[in-house]
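# Fold and geometry: a report
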Amino acid sequence: GENVEQHPSTLSVQEGDSAVIKCTYSDSASNYFPWYKQELGKRPQLIIDIRSNVGEKKDQRIAVTLNKTAKHFSLHITETQPEDSAVYFCAASKAGGSYIPTFGRGTSLIVHP
Amino acid sequence: DTEVTQTPKHLVMGMTNKKSLKCEQHMGHRAMYWYKQKAKKPPELMFVYSYEKLSINESVPSRFSPECPNSSLLNLHLHALQPEDSALYLCASSQVGALQETQYFGPGTRLLVL
């Protein structure tokens with residue numbers, strides 16, 4: 001089955017800095033890669049996703065890059081703000097049928113004012 | 001409507017109680033899921049329903065019993081739980097077989113078993 005490794009487990013940055021979270025996956029058939037943000041006591045919320053036919057996707061301060069050859073994808077957050085503090089989970093899955101993502105172990109991002 | 005709702009938000013139960021968690025979505029999604037999540041850990045898949053039929057049961061103990069009465073509703077019946085079952089229980093839904101497989105999560109039920 002799929003295995004997703006996520007690093008780092010904790011990331012502490014100053015407000016305004018950039019933050020990068022990296023994930024690797026094992027199943028070359030995986031073709032959908034969402035990122036979820038989970039604030040304390042709240043639900044995981046999709047913040048950005050990327051499909052295997054695209055190398056990069058941006059949405060304001062957030063971007064995701066995908067390297068299919070190396071089987072890794074990364075989340076980039078620029079100009080971090082205290083409200084970006086949360087646990088971030090990457091996931092990988094294959095299209096079609098019931099959608100069963102394999103999650104990474106999560107990264108706790110702390111943005112210091 | 002792009003929301004999954006869950007009730008109750010919080011639940012405290014004893015080990016001999018029977019209770020049910022409820023989940024509802026009106027996005028026309030035909031796949032629904034139950035996850036268990038411990039603090040700062042990723043969600044762990046418990047059950048998957050596809051077109052109202054149970055398609056995946058991740059070796060979950062029988063004290064958890066899922067039910068899908070119709071395409072919009074998902075229940076999780078709880079009986080004789082253990083303290084280690086205390087966790088956040090998340091419901092999610094998604095399309096089936098479509099390109100847009102985004103999984104939408106409900107707010108969860110925080111369960112405490114005493």
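Refer to the preceding data block for the structure.
Everything numeric in this text was worked out from a predicted model, so none of it was measured.

Calculation rules
- Per chain, residues are indexed from 1 in the order of the written sequence.
- Each chain gets a letter, beginning with A, and each ligand a number, beginning with 1, in the order they are written.
- With the structure being a predicted model, the display of local features is reserved for residues of pLDDT at least 70 and the display and counting of side-chain atom pairs for 80 or more, all residues being used for whole-chain, interface and lining totals.
- The side-chain figures draw on all heavy atoms in the structure; neither hydrogens nor water molecules are used.
- Paired strands, in this sense, are two strands between which DSSP finds at least two bridges.
- Note on conventions: DSSP H or I runs of at least 4 residues are helices, E runs of at least 2 residues are strands, and numbering of each starts at the N terminus.
- Lines fitted to the C-alpha atoms define the axes, with helices restricted to the stretch that makes contact. Angles between their N-to-C directions range from 0 to 180 degrees.
- When two cysteine sulfur atoms are found within 2.5 Å, that pair is recorded as a disulfide.
- Throughout this description, a polar contact denotes any pair of N or O atoms lying within 3.5 Å of each other; where both atoms belong to protein, one of them has to be capable of donating a hydrogen while the other can accept it, and for residues adjacent in sequence the pair is counted only when both atoms sit in side chains.
- Here, nonpolar core refers to any group of buried Ala, Val, Leu, Ile, Met, Phe, Trp, Tyr and Cys residues whose side-chain atoms link them within 4.5 Å.
- Only protein chains enter the accessibility calculation, which uses a 1.4 Å probe. A residue is then buried if its area is under 20% of the maximum for its type, exposed if over 50%, and partly exposed in between.
- Here a residue-residue contact requires only that any non-hydrogen atoms of the pair lie within 4.5 Å.
- Salt bridges are defined as contacts in which a side-chain nitrogen from Lys or Arg sits within 4 Å of a carboxyl oxygen from Asp or Glu.

### Concerning the sheet that holds strand E8 (residues 73-79) of chain B
All names here are of chain B. An order of E1-E3-E8-E7 is seen for the four strands of this open sheet, with the pairing classed as antiparallel. For this open sheet the edge positions go to strand E1 (4-7) and strand E7 (64-70), each flanked by a neighbour on one side alone. Ignoring which end each strand starts from, the neighbouring axes of this sheet average 20 degrees apart. Note that strand E3 (residues 18-25) and E8 share seven bridges and pair antiparallel. The residue of E8 that forms the bridge with Lys 19 is Leu 78.

### Describing the state of the cysteines
All names here are of chain A. Scanning all chains against the criterion turns up two disulfides over all chains. At a sulfur-sulfur separation of 2.0 Å, the disulfide partner of Cys 23 is Cys 90. Torsion about the S-S bond of the Cys 23 and Cys 90 cystine: about -100 degrees, corresponding to left-handed handedness. Taken together, the residues span a long stretch of sequence, with Cys 23 in strand E3 (residues 19-25) and Cys 90 in strand E9 (residues 86-92) at a distance of 67 residues.

### Things to note about the side chain of Thr 102 of chain B
You can see Thr 102 of chain B is positioned in the loop between strand E9 (87-94) and strand E10 (104-105). Among the polar contacts listed, one links the side chain of Thr 102 of chain B to the side chain of Tyr 32 of chain A, at a separation of 2.8 Å.

### Overview of the nonpolar core
Formed by 24 residues in total, the largest nonpolar core has its most connected members in Trp 35, Phe 73, Leu 75, Tyr 88 and Leu 109 of chain A. At the level of secondary structure, the elements contributing two or more residues to this core comprise strand E2 (10-14), E3, strand E4 (32-38), strand E5 (45-51), strand E7 (62-67), strand E8 (72-77), E9 and strand E11 (107-112) of chain A. Once residues within four sequence positions are removed from consideration, Leu 75 of chain A is found in contact with Ala 19, Val 20, Ile 21, Trp 35, Ile 47, Ile 48, Ile 62, Ala 63 and Tyr 88 of chain A. Judged by nonpolar contacts, the second largest core, of 23 residues, contains Phe 47, Phe 64, Cys 68 and Leu 78 of chain B.

### Some details on the pattern of salt bridges
Following the criterion strictly, the structure yields five salt bridges over all chains and no others. In this structure, Asp 84 of chain A and Arg 61 of chain A form a salt bridge, with 2.9 Å as the shortest nitrogen-oxygen distance. Residue Asp 84 of chain A is located in the loop between E8 and E9, and its partner Arg 61 of chain A is located in the loop between strand E6 (56-59) and E7; the two are separated by 23 residues in the primary sequence. Two residues, Asp 85 of chain B and Arg 63 of chain B, come together in a salt bridge whose shortest N-O distance is 2.7 Å.

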